[in-house]
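# Coordinates in review
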Amino acid sequence: MAAPAPCTEFTGLRRASAAARPGRRGGNELYLAPFHRAAPLHRAAPRQHQRRRRGVKTVAAISEDLPRLAAPGKKGAAESGGRPEKVLMRAALTVRRKQKEDLKEAMAGHLDALWDMVGRSVALELISTKIHPRTKKPLQSGKASIKDWCQKRGVKGEHVVYTAEFMVDSDFGEPGAITVANRHHREFFLESIVVEGGLLCGPVHFACNSWVQTTRELPTKRVFFSNKPYLPSETPPGLRELRDKELKDLRGDGTGVRKLSDRIYDYATYNDLGNPDRGKEFIRPILGGKRIPYPRRCRTGRPPTDTNMLAESRVEKPHRIYVPRDEAFEELKQGAFSAGRLRAVLHTLIPSMIATISAETHSFQGFHHVDNLYKEGLRLKLGLQEHLFQKIPLVQKIQESSEGMLRYDTPSILSKDKFAWLRDDEFARQSVAGINPVNIARLTVFPPVSNLDPAIYGSPESSITEADIACQLNGLTVQQAMGQAKLFILDYHDVYLPFLDRINAIEGRKAYSTRTILFLTQAGTLKPIAIELSLPPSQPGGPRPSKVLTSPSDATTNWLWMLAKAHVSSNDAGVHQLVNHWLRTHAIMEPFILAAHRRMSAMHPIFKLLHPHMRYTLEINALARQSLISADGVIESCFTPGPVSGEISATYYRNHWRFDLEGLPSDLIRRGVAVEDASQPHGIRLLIEDYPYANDGLLLWSAIRNWVESYVQLYYPDAGAVQCDDELQGWYHETVHVGHADVRDAPWWPALSTPADLASILTTLIWLASAQHAALNFGQYPLGGYVPNRPPLMRRLLPDPARDAAEYAAFMADPHRFFLNAMPGVLEATKFMAVVDTLSTHSPDEEYLGEGRDEPWTGDAAAVTAHAMFAADVRRAEETIERRNADQGRKNRCGAGVLPYELLAPSSPPGVTCRGVPNSISI
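Residues numbered from 1 in each chain as written. Predicted model: local features only at pLDDT ≥ 70, side-chain atom pairs only at ≥ 80, totals over all residues. Heavy atoms only, no water.

### So, the overall build of the protein
Under the convention used in this document: Secondary structure elements follow DSSP: runs of H or I no shorter than four residues count as helices, runs of E no shorter than two count as strands, and numbering proceeds from the N terminus. Here's how the labels work: a residue is buried when its accessible area is under 20% of the maximum for its type, exposed when over 50%, partly exposed in between, all with a 1.4 Å probe on protein chains only. By definition in these notes, contact holds between two residues if any of their heavy atoms fall within 4.5 Å.
Across its full length, the protein carries 28 helices and 23 strands. Within the protein, buried positions represent 60% of all 923 residues. Look at the contacts in the protein between residues 6 or more apart in sequence, and 76% of them connect residues 24 or more apart.

Spelled out as structure tokens, the structure:
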């Protein structure tokens, strides 16, 4: 894509500087990491937990002595005046086969081999970086077919290498692209292509990692570019037209129903969460638009429902929902997760639970009943689809019967101290080292004040008084404690209060809007000193019913305090899932990913940087829309907000979400738990010194920031380079104005004018996709799988003799039973546990932050060197985290019965491990 006119002169300077830059090669030179072994700067050293490498490349070595019909020193046709000499080039294509084929696929494979024999083969064509001096069109090699597809039909193994040969003129130049036409009957997954022979630059690598559709599905040829990065203004003449066309094809025209084989990226609102055709109870508001602002999601083009033309018809499980073909889970991930474990949980296990758990066993009868889920298990009726239970490790079939035993793994939260969850210090510790460590904030105004409209919700001031907490402040006044940064708050008042009437009208749901004040002790730990439980006023602007509970002093107040903490945990669970996890990582990233594919070429260096951090996100978000956040989905069924879940998420997006404050340091400062301090290693000082999430997060944040800044400097020496990059500017503009259209006019969007601006934006995106998501996701079962510790919903309010004397009498007679009856029932609890167990699982093909990348992802040696330095920084961060977890001075992560904090430890084996930082939001 040509640079804008004002930048023409600058572009020339840019090219000169690029060619002269140390460690980066100019002209037709190309850096290539060795193919047969790891290059020292390309691969990180092995880690303690090493995953199975995704698609370990099995690339055949092509002879370096390929016959050449023109010596390198001979003149080309243009100089000699005669016909150009010919040069033989050979391409090696690495294709990954499916590990398991059904009968239909096997038959199609045999048919492909037969068609290949009669000439209906896979055709390739090389495109030079040069153009013909007369026609001004790219130089092309002419078509060549894969020679050995049929012969290798019976070859065993996951990878097969095929070859093709090209005869080109000696002045053909460097291949910059290759087109592929699949004239077979089925798609195939092309991992990479290597072209060599007769090239002064050495072998040319094409990292494809893409499904190639048949010409019946996609009549146009697929184009793949070499791994050499080019800014738009530096695109070689022979690739400019192809670069523009490929982006145009990926954008589509905004019409039509998308097929699963399509590769089109486009936007739509969340108008597919409800299903009005099933009944009014399944109607959900459209998220996105002026009335309910929300990020955009990937467009599928499905027709509207019969009863609402604005709502998109649904694709119900187990049918697949559209995402662009290359965004779908690969086979290893599908087998371990999507088509296997999660789908089996959603489609088979949960219905079996519903059929098995009767109304008579709706509530847990005692804490031992909860414990039995991990010891003895729960008998299930397997039904007609018992074979699908083989995909769920938690279920074991009982021999000679039609039943199975659902036995859960013991969550980590119980592994070191079974009763820790009962203690106040553990309740508070989880606010800085638990599943949701991103809501605690410094208390700066007392009493706390609401931002809701007092004409509707009553007095904005909290009911908590100084008298309630004075005796808990170690002799300080409230003002002194706030001034010394000793008071903190978990404030869910404004999140829930507008929705409580609707939530509490649902059978089996009861909730408050809560505030919890915590005191920072001299030991560096936190303790809760007051909990406020509020309900909406009965009349607009009237007095708001509110209870304030403080540390217990007797048996009755102890049980009430336990119930109050459970309601706080339930509030926290809903905000964690709907706001911090789903909205602030999954949903807000989707527009950035869609715009990246639509506006930045695969050749663009920033696309190459972001690519590993976009893997699988569109697929997991589509699966969430289908089964998790949809009407009557798992989130609505298992969490307090129920059918208002989407609206709570959207309200936060409208009123509170700001991209400029989503980076870790900015978020910590916004919440008042840190202050700027240039003398500190990360530029900020934590007011809670032992804050495991923040302590470890800052290590990874700094590693990411340093990596991104060094990478950006390779391509953008000054502001002019950023401003003149039309693809880069188009990506950011479209993300803001289309993907986040409802908040596009907000003044807080960062500018994209300088290399520093770009590095800041990219650092935040990579942080959100990797470390932030890991911190919020992979502890869901290990830390939340014991429901009494963190109930996702509550079924009873606190007993009140004035409201219901009989209920209060029942509480006084058997508080243990009352507490368990207030918890989720057996069905809600076991359903919730089965899903979060799966969502906390690392798949075998996970790609972790800082790992060496298998394929030669870039032809820029300086970028490979910078990534090696990043990998070393990540390894050092992991070592530091291990040392911290053994430091007994850090009481929030080390002590008798205290769990270490490992959610931000970068590496992990597969499974539920409560550690590991994948590159992307892949679950």
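### Description of the sheet that holds strand β18 (residues 526–534)
Let me state the cut-off plainly: Note on pairing: two strands pair once DSSP finds at least 2 bridges between them. Angular values range over 0 to 180 degrees, each being the angle between N-to-C directions of two axes fitted as lines to C-alpha atoms, with helices fitted over their stretch in contact.
The five strands lie next to each other as β15-β16-β17-β18-β19, forming an open sheet whose pairing is antiparallel. The open sheet has two free edges, formed respectively by β15 (441–442) and β19 (546–550), since each of these has just one partner strand. In this structure, β18 lies alongside β19, joined through five bridges in antiparallel fashion. When the bridges of β19 are listed, A530 appears paired with T550. Relative to β18, helix α8 (residues 424–433) is tilted by about 85°, and along the sheet it contacts β16 (487–491), β17 (513–520) and β18. Contacts from helix α14 (residues 555–599) reach β17, β18 and β19, with the element oriented near 85° to β18.

### Some remarks on unusual backbone geometry
Here the residue pair F446 and P447 is connected by a cis peptide bond, since its omega of -5° sits within 30 degrees of zero. One can find P447 in the loop between β15 and α9 (454–457). Even without a glycine there, the phi angle at N209 is positive, about 45°. Note that N209 resides in strand β8 (residues 204–212).

### Side note on the sheet that holds strand β7 (residues 188–196)
An order of β5-β1-β7-β8 is seen for the four strands of this open sheet, with the pairing classed as antiparallel. Two strands bound the open sheet, and with one partner strand each, they are β5 (159–169) and β8. Strand-to-strand twist in this sheet, taken as the mean axis angle between neighbours without regard to direction, amounts to 20°. Relative to β5, strand β1 (residues 86–96) runs antiparallel, the two being bridged by 11 bridges. Note on β5: the bridge partner recorded for V87 is V168.

### So, the packing of aromatic side chains
Both the distance between ring centres and the angle between the ring planes are used here to describe each pair of aromatic rings. Counted only if it meets this: Centre distance within 6.5 Å is the pairing criterion for rings of Phe, Tyr and Trp, where only the six-membered ring of Trp is used; planes under 30 degrees apart are then read as stacked, over 60 as edge-to-face, and the remainder as tilted. Whether a charge lies above a ring is judged from NZ of Lys or CZ of Arg, which has to be within 6 Å of the ring centre and within 35 degrees of the ring normal.
Per the counting criterion, the structure on display carries 31 aromatic pairs. Linked through ring pairs, Y270, Y294, W582, F592, Y653, W657, F659, W731, Y732, W748 and W749 together constitute an aromatic cluster. Sitting above the plane of the F282 ring, R278 keeps its charged end 3.8 Å from the centroid.

### Remarks on the pattern of salt bridges
This is how it is decided: We define a salt bridge as a side-chain nitrogen of Lys or Arg found within 4 Å of a carboxyl oxygen belonging to Asp or Glu.
The full count for this structure, using the stated rule, is 51 salt bridges. Among the salt bridges present, the one from E532 reaches R515, with a minimum N-O distance of 2.7 Å. Taken as a pair, E532 in strand β18 and R515 in strand β17 lie far apart in primary sequence, 17 residues in all. Take E532: its relative accessible area is 0%, and that puts it in the buried class. On the basis of relative accessible area, R515 is assigned to the buried category, the value being 0%. In this structure, the salt-bridge partner of D667 is R671, at a minimum N-O distance of 3.1 Å. Like D667, the residue R671 is buried in the burial classification.

### A short note on the pairing of β7
Among the nine residues that make up β7, nine are buried, leaving the element largely enclosed by the rest of the structure. Sheet topology note: the β1/β7 ladder contains seven bridges and is antiparallel. Note that in β7 the partner of L93 across the bridge is I193. Where β7 meets β8, seven bridges bridge the pair, whose relative direction is antiparallel. Bridge pairing in β8 places V194 opposite H205.

### Section: α8
In an α-helix, one full turn covers 3.6 residues, which means residues spaced three or four apart are oriented alike. The buried fraction of α8 amounts to eight of the 10 residues, a majority that puts the element mostly inside the structure. Residues of α8 that are buried make contact with β16, β17, β18, α14, α20 (692–715) and α24 (780–784).

### Details of the packing of α14 against helix α18 (residues 645–655)
When two helices pack together, you describe them by how their axes are tilted relative to each other and by the distance separating the axes. Applied cut-off: In a left-handed crossing the near helix is turned counterclockwise from the far helix by less than a right angle, and in a right-handed crossing that turn is clockwise. Asp, Glu, Lys and Arg are counted as charged, while Ala, Val, Leu, Ile, Met, Phe, Trp, Tyr, Cys and Pro are counted as nonpolar; the rest, among them Gly, fall into the polar class.
Axis separation between α14 and α18 bottoms out at 9 Å; the angle between their running directions is 65°. Pair α14 / α18 crosses with right-handed handedness. Contact with α14, carried on its side by L578, V579, W582, L583 and R584, involves S645, I648, S649, Y652 and Y653 of α18 and no other residues of that element. Grouping the amino acids of the contact of α14 with α18 by side-chain chemistry returns seven nonpolar, two polar and one charged.

### Digging into the side chain of N695
On the secondary structure map, N695 appears in helix α20. The contact partners of N695, leaving out residues within four places of it in the chain, are L686, E689, D690, R884, R890 and R893.

### So, the packing of α14 against helix α16 (residues 617–628)
Heads up, the rule is: Each angle gets one of four labels, with under 35 degrees taken as roughly parallel, over 145 as roughly antiparallel, 65 to 115 as roughly perpendicular, and the rest as oblique.
Packing of α14 against α16 leaves a shortest axis separation of 10 Å and a crossing angle of 125°. On the basis of the axis angle, α14 is oblique to α16. Judged by the sense of rotation from one axis to the other, the crossing of α14 with α16 is left-handed. Counting all contacts with α14, which are made through W582, H586, A587, E590, I593 and L594, the residues of α16 involved are T617, L618, I620, N621, A624 and R625. Its residues assigned to classes, the contact of α14 with α16 comprises seven nonpolar, three polar and two charged.

### Observations regarding the confidence of the model for the protein
To be explicit about the condition: Per-residue confidence from the predictor is given as pLDDT, running between 0 and 100.
In this model, the protein carries an average pLDDT of 86, and 82% of its residues clear a pLDDT of 70 or more. Overall, residues 383–389 carries pLDDT values under 50, and its contacts beyond four positions in sequence, including any with other chains, amount to 12 contacts. Across residues 397–402 the pLDDT falls below 50, and counting only partners more than four positions away or on other chains, this stretch makes 12 contacts in the model.

### Digging into the nonpolar core
Inclusion rule: Among buried residues, those of type Ala, Val, Leu, Ile, Met, Phe, Trp, Tyr and Cys that are joined through side-chain atoms within 4.5 Å constitute a nonpolar core.
Grouped together as the largest cluster of nonpolar side chains are 188 residues, with contacts concentrated most on L668, Y691, Y693, Y716, W731 and W749. For this core, the element with the most residues is α14, which contributes 22 residues. Residues within four places of W749 in sequence aside, it is in contact with F592, W657, F659, Y732, V736, H740, V743 and R744. The next biggest cluster of nonpolar side chains, apart from the first, holds 31 residues, and it includes W149, V160, C201 and V212.

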